[in-house]
Amino acid sequence: MRKIESVSDLEKWKENILKKQQQYEMVLSVCGGTGCHAYGCKKVRDQFAKALGKSSNRKVRLRFTGCRGLCERGPIVTIQPQGIFYQRVQEKDVPLILSETVGKGKILDHLLYDDSVTKRKVNSEKEIPFYKAQNRLVLGNNGLLEPTKIEDYIAVGGYHALAKALLNMGPEQIIDEVKASGLRGRGGAGFPTGKKWEDCRRAPGDIKYIVCNCDEGDPGAYMDRSLLEGNPHSVLEGMIIGAYAIGGSHGYIYVRHEYPLASKNAETAIIQARKAGLLGKDILGSGFGFDVEIAKGGGAFVCGESTALIASIEGRVGEPRSKQIHTVEQGLWGKPTNLNNVETWANVPLIIKEGSEWFSSIGTERSKGTKIFSLVGKVKNTGLVEVPMGITLKKIIFEIGGGQQDGKRIKAVQTGGPSGGCIPASLFDLPVDFDSLTGVGSMMGSGGMIVMDEGTCMVDVAKYFVHFLQEESCGKCLPCREGLKRMGEILDNIAEGKGDEESLSLLEELAEVVADTSLCGLGKTAANPVLSALRYFRPEFEAHIRQRRCPAVVCTSLIQYSISEADCTGCGACAKVCPIQAITGEKKKSHRIHLDLCSKCGSCKDVCKSSAVTVQ
Amino acid sequence: MDFEQVGKIIDKHQEKRTALISILHDIQDRYHHLPEEALRKVASRLKMDLNDVYGVATFYKSFSLAPQGKHSVTLCLGTACHVRGGPKMLREMKNLLEIDPGQTTQDQLFSLNVVNCLGVCAIGPVMLVDGKFYGEMNPIKARKIIEKIGKNKRKNGVKS
């Protein structure tokens, strides 16, 4: 790779890459996202590589891409230019795909997506309902490139926004463009990005730092992971543009320890960009210099908070500090620091390339562009979805997500992670944007959307989040450290059937105190999951307190498993699977559960073919 | 235990204080925990107070001061895994291995850990065994995976 020193160099490079790519008649893309990895995509890819390596067929290119979104149907294989979409591909399917589809152009029915609504097999990605209603501006390129190949990124127009920014625009002009686009921070708080950049640019200081937050601690959200894993150059390009606009000379990408592939791919991208002259001194011959390195996290949720993250990069304990002085003025080592989330950075090249007018034409009045959500939990199609702001929850959950998973009615969706709340199904007509979600007691957060059905207990969910936050509280300030602990105790009591009439009012009072008096965002928003659950699902809490009953049959202290004599065939499957031998019975005769031994793991219910095991 | 590698790891990170967390990660990858001797060496080479190094080593959940077992079993307890039966998985693993999260079995074969999200939310509940992800788990499937590893290893004898 030779150094790119001008726009014409970049154009020439792109032309050469495209010419090379045109030699291939077909591109086989195997999804290499983490979800597909769990389903064995690496074996599928290796099998393809082996078979293609052997044959004299040099017209087919094999590509190992980043996450394609529909993780639940992995491993996913697509074939271009035909646009064929195969799902749940296994090793044994590889020879068949090569001989039939690649060789003869025949489509293999058993690998196609089955649309459960129309009962039709669907050939291409575009026709799958999961993708149809999406607008994959940021995520879309994941399927078109191999994350470890900078050439693939250049081929889809990568680093052209950077060239435009460095050579045709001044720093202020870039900031004005980002401001005009209406882009707001995708990490959760939704702060206007252009405004932040402007503040950092204006802050006095000779050295300024640029930080990319890939801590993504919100449980149930993984879009940042998939972006940094699948398209690291887009994040890098955004950061370089930002650095030029702000006047930053050095950058960090802070990656969670749980995301090893994301840091590896980001590291590779940094090395490639340096070699190509897109990082380092005198980028594209503009005179501007900037470099980036990776900083790794250590598994602390609070480090998603900007001041804690900065402490962590400095090699210290990740405790937040008061934000009277903002990080744009005093951040890393006391220098002005501009911190944005992965998805925010990845939006920047799009805005520069296509213009703010185009960007702001998508979305609502105050929330522009698209947002990536991780649609997970009790919904049929789980995965990453990118939709224009303002789309309704109903459309996301029922049209894209395909609705309920296993016969149980969907009752709520949790957004915003531990800082957000549960939104009941009655409010599913709500448009998804920063302000509407906050208005109903939740928040956008980084984009987790966890669907809950009748089998989800809201007391259990509230308890889960409070314990989560209690464990992740850094312990620096008292309201968060102690308050959450006491809230957890009250919720434990309710879940065990030991709550009383005062429990709920005490819980509400405590939640408000924690929210009002905590130091950082972790504590300030900690009340949301509890208060929203109480606001919309109070009868469930009352059932636990007054009738000692868990309506969703989740809270183990309040439920009991039993075997119906009439339905039991005596097959013995339950007794075999029971981990503590709490089930006895003779063969072909009705079995019974010894309640004093039963650990309520539910395995017996899972294996019973005649639905004789019931739980109440 | 040979601590020569610790010096090499610190060299690799150019003795940078900023790299403390990365250094500790590398040490943990090599020794399966953070031995006291290694922390002392890190403190002296980075010219830091041992208390501060210890503070970092105990603040972040990824680090362990106690030796970890040969096989690591990590359960995801993120929200998506939670609503799909994560707690059942935890109960099963605690029963099966007879340890709590953060502990290691007496024969040093398994360490059980929980994390708040592994970022593979679409296919929960998720279990991570020695770096390999297992999706759509239930207690029965999980038990089989662990028992298979345990059987093979115990049969062949455990090398400490």
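Quick caveat, the model's predicted, so the values are computed rather than measured.

## Quick notes on the overall build of chain A
- Across its full length, chain A holds 24 helices and 19 strands.
- Taking the principal axes of its C-alpha atoms as reference, chain A extends roughly 80 × 65 × 40 Å.
- Counting every position in chain A, which comprises 616 residues, the buried fraction comes to 54%.
- Across chain A, every contact between residues at least 6 apart in sequence was considered, and the portion connecting residues at least 24 apart equals 71%.

## Looking at the overall build of chain B
- Of regular secondary structure, chain B possesses seven helices and four strands.
- Scanning chain B from its N terminus toward the C terminus, one meets helices and strands in the order α-α-α-α-β-α-α-β-β-β-α.
- Taking the principal axes of the C-alpha coordinates as reference, chain B spans close to 50 × 40 × 25 Å.
- For chain B, the proportion of its 160 residues judged to be buried stands at 43%.

## So, the environment of Leu52 of chain A
- Note that Leu52 of chain A resides in helix 3 (residues 41–54).
- Between the alpha carbons of Leu52 of chain A and Pro95 of chain A there is a distance of 10.0 Å; along the sequence they are 43 residues apart.

## Comments concerning the nonpolar core
All names here are of chain A.
- Among the nonpolar cores identified, the biggest contains 218 residues, and Ile240, Ile241, Tyr254 and Ile396 are the most heavily contacted of them.
- For Ile396, the residues in contact, after removing those within four places along its chain, are Phe373, Leu375, Val385, Val387, Ile391, Gly401, Val432 and Met449.
- Core analysis: the second largest hydrophobic core is formed by twelve residues, Tyr561, Cys568, Ala582 and Ile593 among them.

## Comments concerning the domain arrangement of chain A
All names here are of chain A.
- When its domains are assigned, chain A resolves into domain 1 (17–125), domain 2 (157–360), domain 3 (370–453), domain 4 (458–546) and domain 5 (560–615).
- In this structure, domain 1 and domain 3 have C-alpha centres spaced 30 Å apart.
- Contacts between the two partners involve six residues from domain 1 and, on the opposite side, six residues from domain 3.
- By residue class, the composition of the side of domain 1 that touches domain 3 is three nonpolar, two polar and one charged.

## Section: unusual backbone geometry
All names here are of chain A.
- Of note, the amide linkage connecting Gly74 to Pro75 takes the cis form, showing an omega dihedral of -10°.
- Here Pro75 is to be found in the loop between strand 2 (60–65) and strand 3 (77–80).
- At the junction of Gln80 and Pro81, the peptide bond is cis and its omega measures out at 5° in the coordinates.
- If you trace the backbone, Pro81 turns up in the loop between strand 3 and strand 4 (84–86).

## Remarks on the sheet that holds strand 2 (residues 110–115) of chain B
Residue and element names in this part refer to chain B.
- A sheet is described by the order of its strands in space; here four strands give the open sequence 2-1-3-4, paired in mixed fashion. The open sheet terminates on both sides in strands that have one partner only, identified here as strand 2 and strand 4 (132–134). On average, each strand axis in the sheet is inclined to that of its neighbour by 20°, with strand direction left out of account.
- Here six bridges tie strand 1 (residues 71–76) to strand 2, and the two strands are oriented parallel to one another.

## Considering the environment of Pro349 of chain A
All names here are of chain A.
- Locating Pro349 in the fold gives a position in helix 14 (residues 342–354).
- Sequence separation between Pro349 and Pro81 is 268 residues, and the spatial gap between their C-alpha atoms is 26 Å.
- Sequence-distant contacts of Pro349, that is, excluding residues within four places in its chain, are made with Ala161, Ser234, Glu237, Gly238 and Ile241.

## Concerning the interface of chain B and chain A
- Taken residue by residue, the interface counts 41 residues in chain B and 50 residues in chain A.
- Put simply, the parts of the chain that give the side of chain B that touches chain A at least two residues each are helix 2 (20–31), helix 4 (50–59), helix 5 (79–83), helix 6 (86–97), strand 4 and helix 7 (139–156) of chain B.
- The dominant element in the side of chain B that touches chain A, judged by the number of residues it contributes, is helix 6 of chain B, at five residues.
- Looking at the side of chain B that touches chain A, its residues break down into 20 nonpolar, 14 polar and seven charged.

## So, the domain arrangement of chain B
- Entries for chain B in the domain assignment read domain 1 (4–59) and domain 2 (71–156).
- The C-alpha-based centres of domain 1 of chain B and domain 2 of chain B are spaced at 28 Å.

## Some words on the sheet that holds strand 9 (residues 291–296) of chain A
Residue and element names in this part refer to chain A.
- With parallel pairing, four strands are arranged side by side in an open sheet as 9-8-7-10. Where the open sheet ends on each side, the last strands, each with one partner, are strand 9 and strand 10 (337–341). Across the sheet, the axes of successive neighbouring strands diverge by a mean angle of 20°, strand direction being ignored.
- Taken together, the five bridges between strand 7 (residues 209–214) and strand 10 define a ladder with parallel strand orientation. From the neighbouring strand, Val211 faces strand 10, where its bridge partner is Leu339.

## Digging into helix 18 (residues 458–472) of chain A
- When the terminal C-alpha atoms of helix 18 of chain A are compared, their 21 Å separation across 15 residues agrees well with the 21 Å that a helix rising 1.5 Å per residue should span.
- Counting buried positions over the 15 residues of helix 18 of chain A gives 13, a clear majority of the element.

## Observations concerning helix 2 of chain B
- The end-to-end C-alpha distance of helix 2 of chain B is 16 Å, a good match for the 16 Å that twelve residues give at a rise of 1.5 Å each.
- Listed in full, the buried residues belonging to helix 2 of chain B are Leu20, Ile21, Ser22, Ile23, Leu24, His25, Ile27 and Gln28 of chain B.
- Buried-residue contacts for helix 2 of chain B involve strand 9 and helix 13 (306–313) of chain A together with helix 1 (4–12), helix 3 (36–45) and helix 4 of chain B.
- One or two steps after helix 2 of chain B, the chain reaches His32 of chain B, where phi turns positive at roughly 65°.

## Regarding the packing of helix 1 of chain B against helix 3 of chain B
Residue and element names in this part refer to chain B.
- Here helix 1 crosses helix 3 at 35°, and the two axes come no closer than 10 Å. Viewed along their axes, helix 1 and helix 3 form a crossing whose handedness is right-handed. Here Val6, Gly7 and Ile10 of helix 1 lie close against helix 3, whose contacting residues are Ala38, Lys41, Val42 and Arg45.
- The class makeup of the residues in the contact of helix 1 with helix 3 is four nonpolar, one polar and two charged.

## Quick look at the pairing of strand 1 of chain B
- Summarising the sheet, strand 1 of chain B and strand 3 (residues 127–129) of chain B pair through three bridges and their orientation is antiparallel. Each residue of the ladder has a partner; that of Leu75 of chain B, found in strand 3 of chain B, is Met127 of chain B.

## Describing the confidence of the model for chain B
- Taken over all residues, the pLDDT of chain B has a mean of 90, while the share at 70 or more is 95%.
- Model confidence for the complex: the whole-complex pTM is 0.93, and ipTM, which rates the interface, is 0.89.

## Observations concerning the packing of helix 1 of chain B against helix 2 of chain B
All names here are of chain B.
- One way to put it is that helix 1 packs onto helix 2 with a least axis distance of 10 Å and a crossing angle of 150°. The hand of the helix 1/helix 2 crossing is right-handed. Contacts between helix 1 and helix 2 involve Gln5, Val6, Ile9 and Ile10 from the former and Ile23, Asp26, Ile27 and Arg30 from the latter.

## Looking at the pairing of strand 3 of chain A
Residue and element names in this part refer to chain A.
- Relative to strand 3, strand 1 (residues 26–31) is paired through four bridges, and the arrangement is antiparallel. Paired with Ser29 across the strands is Thr78, a residue of strand 3.
- The pairing of strand 3 with strand 4 spans three bridges and is classified as antiparallel. From the neighbouring strand, Val77 faces strand 4, where its bridge partner is Tyr86.
- Here strand 3 folds back onto strand 4 in antiparallel fashion, the turn holding three residues, of which Gly83 has a positive phi close to 75°.

What counts, and at which threshold
- Residues numbered from 1 in each chain as written.
- Chains lettered and ligands numbered in written order.
- Predicted model: local features only at pLDDT ≥ 70, side-chain atom pairs only at ≥ 80, totals over all residues.
- Helix = DSSP H or I, 4+ residues; strand = E, 2+ residues; numbered from the N terminus.
- Buried ≥ 20, exposed ≤ 12 C-beta atoms within 10 Å, placed from the backbone.
- Contact = placed C-beta atoms within 7 Å.
- Core = buried A, V, L, I, M, F, W, Y, C linked by C-beta atoms within 7 Å.
- Domains from an automatic or database assignment.
- Nonpolar A, V, L, I, M, F, W, Y, C, P; charged D, E, K, R; others polar.
- Pairing = 2+ DSSP bridges.
- Axes fitted to C-alpha atoms, helices over the stretch in contact; angles between N-to-C directions.
- Expected span 1.5 Å × (residues − 1).
- Left-handed = near helix turned anticlockwise from the far one by under 90°.
- pLDDT = per-residue confidence, 0-100.

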